[in-house]
Amino acid sequence: MAIDIEGILGKDAQDLLTHQPIVSKEQLHLPGPDFVDRVWAISDRSPRVLRSLETLFSHGRLAGSGYLSILPVDQGVEHSGGASFTANPAYFDGENIVRLAIEGGCNAVASTFGVLGSVARKYAHKIPFIVKLNHNELLSYPNSHDQIMFGTVDQAYDMGAVAVGATIYFGSEESNRQIIEVAKAFYRAHELGMATILWCYTRNQGFVTGGKDYHTAADLTGQANHLGVTIEADIVKQKVPTLNGGYKALNMGDSSYGKLDERMYTRLATDHPIDLTRYQVMNGYMGRAGLINSGGASSGDDDLKDAVRTAVINKRAGGMGLISGRKAFQRPTDQGIDLLHAIQDVYLADEVTVA
């Protein structure tokens, strides 16, 4: 049974379901059943990469729609196993992560070398695997924040992965090294016929200024996306933008940071979340590299509304789907499945249109 999207959105329904962005959808390369043939087939991607992309789009409840619902679980490394899995200890066992993705109707499951490798012979042919290549280990003292490689692209290929994923902390002191490492890894992945997904995260303590956190500013995250597709990420993952004006906030006093054109804040976006997200889509070559947004942390009773709201914003902005982990696995399994289905229902709903 389809979910009541308007009821879940409540007072936000009218605004989110009727808003018309400042940049027209006619300028975008929108998701659809023919996306690989229409968009990627004219690129330098090999037939094997095209097949891998088509495999991602052809699995789960969203198969054939051009949209993606991915379950990512690498938090055992990124956030520590105890902090991540105490809510549901069953997920210490990687098989349950893969089973949640299958029973939740996801297009693919993204996780670590260890998780996916531990059950590869049982499941790699049943659901597309996305191997996350690098992680921020959280055991060094004091904690450092850096994405380091935990394995090789060839390992991912040998376990039957359809795609590889990686994170770059754009704006950090380590970003130059990460860009070089991931660019080489993505080249190798394409060489072997796998698709590539980049977590385009911003990270710098200086991005918090004037009492505001600009890590989720549309202009900064949009530029992170643009750098991500420059190293040939096929799909970019980004946090939902919550504000704009990061470049302006960081150019205060005598400081000089980046480049901006004031018109990018008036001609290309407004403060509406759909406009801000559309700006992220635009920075992925106007949607040629699809935008999937993060489902974010679990907040308890509001998770369903937050997930549906994020999916509506992403879809109406011209995005390609949602990658939602903690909201799904940090709760009883049946509830996690229901939440994943609710997200997918947004992309299947005819009444939720691209704005």
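Higher on the page you've got the structure.
Criteria and thresholds
Residues numbered from 1 in each chain as written. Predicted model: local features only at pLDDT ≥ 70, side-chain atom pairs only at ≥ 80, totals over all residues. Heavy atoms only, no water. Helix = DSSP H or I, 4+ residues; strand = E, 2+ residues; numbered from the N terminus. Rg over C-alpha atoms; globule rule 2.2 N^0.38 Å. Buried < 20%, exposed > 50% of the residue type's maximum accessible area, 1.4 Å probe, protein only. Contact = heavy atoms within 4.5 Å. Areas by Shrake-Rupley, 256 points an atom, 1.4 Å probe, with all protein chains shown as cover. Lys, Arg positive; Asp, Glu negative; His and termini not counted. Charge placed at Lys NZ, Arg CZ, Asp CG, Glu CD. Salt bridge = Lys/Arg side-chain N within 4 Å of Asp/Glu carboxyl O. Axes fitted to C-alpha atoms, helices over the stretch in contact; angles between N-to-C directions. Parallel < 35°, antiparallel > 145°, perpendicular 65-115°, else oblique. Left-handed = near helix turned anticlockwise from the far one by under 90°. 1 Å grid on protein atoms, 1.4 Å probe; cavity = no way out; pocket = protein on both sides within 12 Å on 5 of 7 lines; lining within 4 Å. Points joined across faces, edges and corners; volume = space filled by probe spheres on them. Polar contact = N/O pair within 3.5 Å; in protein donor to acceptor, adjacent residues only side chain to side chain. Pairing = 2+ DSSP bridges. Nonpolar A, V, L, I, M, F, W, Y, C, P; charged D, E, K, R; others polar.

### With respect to the overall build of the protein chain
Stage number 1. A count of helical and extended segments in the protein chain gives 16 helices and twelve strands.
Stage number 2. Over its C-alpha atoms the protein chain spans a radius of gyration of 19 Å, differing by no more than 12% from the 20 Å that the globule rule assigns to 355 residues.
Stage number 3. For the protein chain, the C-alpha atoms occupy an extent of roughly 55 × 45 × 45 Å along the three principal directions.
Stage number 4. By the burial criterion, 57% of the 355 residues in the protein chain qualify as buried.
Stage number 5. Of the contacts formed within the protein chain by residues at least 6 apart in sequence, a portion of 74% connects residues at least 24 apart.
Stage number 6. Carbon and sulfur atoms make up 52% of the accessible area of the protein chain, which totals about 15,000 Å².
Stage number 7. For the protein chain, the separation between the mean place of its 32 positive charges and that of its 40 negative charges on side chains is 3 Å.

### Things to note about the pattern of salt bridges
Stage number 1. Throughout the structure, instances matching the rule amount to 16 salt bridges.
Stage number 2. Between Lys 132 and Asp 74 there is a salt bridge, with its nearest N and O atoms 3.8 Å apart. Separated by 58 residues along the polypeptide, Lys 132 in strand 3 (residues 129-132) and Asp 74 in the loop between strand 1 (68-73) and helix 5 (75-85) bring together distant segments of the chain. Here Lys 132 and Asp 74 have matching classes, each one buried.
Stage number 3. Put simply, Asp 261 and Arg 263 hold a salt bridge, and the shortest N to O gap is 2.7 Å.
Stage number 4. Among the residues examined, Arg 263 registers a relative accessible area of 47% and is labelled partly exposed.
Stage number 5. In this structure, a network of salt bridges that share partners links the residues Asp 44, Arg 45, Glu 232 and Asp 234.

### Points about the packing of helix 11 (residues 218-230) against helix 13 (residues 273-282)
Stage number 1. Interhelical geometry of helix 11 versus helix 13 gives an angle of 25° and a closest axis separation of 8 Å. With respect to helix 13, the element helix 11 is oriented roughly parallel. In this structure, helix 11 crosses over helix 13, and the sense of that crossing is right-handed. Across from Ala 218, Asp 219, Thr 221, Gly 222 and Asn 225 in helix 11, the residues of helix 13 making contact are Leu 276, Tyr 279 and Gln 280.

### Structural notes on the layout of surface pockets
Stage number 1. In this model, the largest pocket occupies a volume close to 930 Å³.
Stage number 2. Along the wall of the largest pocket there are 43 residues; nearest its centre are Tyr 201, Lys 239, Ser 294, Gly 296 and Arg 326.
Stage number 3. Sorting the residues of the lining of the largest pocket by element identifies helix 5, strand 6 (163-170), strand 7 (195-202), strand 10 (235-238), helix 13, helix 14 (303-317) and helix 15 (326-329) as the ones contributing at least two each.
Stage number 4. Roughly 270 Å³ of internal volume is contained in the second largest pocket.
Stage number 5. Lining the second largest pocket, in full, are His 145, Ser 172, Glu 173, Glu 174, Arg 203, Asn 204, Gln 205, Val 208 and His 215.

### Quick word on the side chain of Asp 234
Stage number 1. Looking at the secondary structure, you find Asp 234 in the loop between helix 11 and strand 10.
Stage number 2. The exposure class of Asp 234 is buried, given its relative accessible area of 0%.
Stage number 3. Within the local environment of Asp 234, its side chain forms a polar contact with the side chain of Arg 45, the two groups lying 2.7 Å apart.
Stage number 4. A polar contact is formed between the side chain of Asp 234 and the side chain of His 190, at a distance of 3.0 Å.
Stage number 5. When sequence neighbours within four positions are dropped, the list of residues in contact with Asp 234 reads Trp 40, Arg 45, Val 49, Leu 53, His 190, Ala 195, Thr 196, Ala 289 and Gly 290.

### Considerations on the pairing of strand 2 (residues 108-111)
Stage number 1. Of the two faces of strand 2, the one carrying Ala 108 and Ala 110 and the one carrying Val 109 and Ser 111 are both buried.
Stage number 2. As judged from the four bridges shared by strand 1 and strand 2, these two strands associate in the parallel manner. Its bridge partner being in strand 2, Leu 71 is matched across the sheet by Val 109.
Stage number 3. Sheet topology note: the strand 2/strand 3 ladder contains three bridges and is parallel. Looking at the pairing, Ser 111 lines up with Val 131 of strand 3.

### Looking at the packing of helix 14 against helix 16 (residues 333-348)
Stage number 1. Packing of helix 14 against helix 16 brings their axes to within 9 Å, and their N-to-C directions diverge by 25°. With respect to each other, helix 14 and helix 16 are oriented roughly parallel. As for the relative orientation of helix 14 and helix 16, their crossing is right-handed in sense. Across the interface between the two elements, Asp 303, Leu 304, Ala 307, Val 308, Ala 311, Val 312, Asn 314 and Lys 315 from helix 14 touch Leu 339, Ala 342, Ile 343, Val 346, Tyr 347 and Leu 348 from helix 16.
Stage number 2. Here the contact of helix 14 with helix 16 is composed, by residue class, of eleven nonpolar, one polar and two charged.

Geometric values such as these leave the question of function open.
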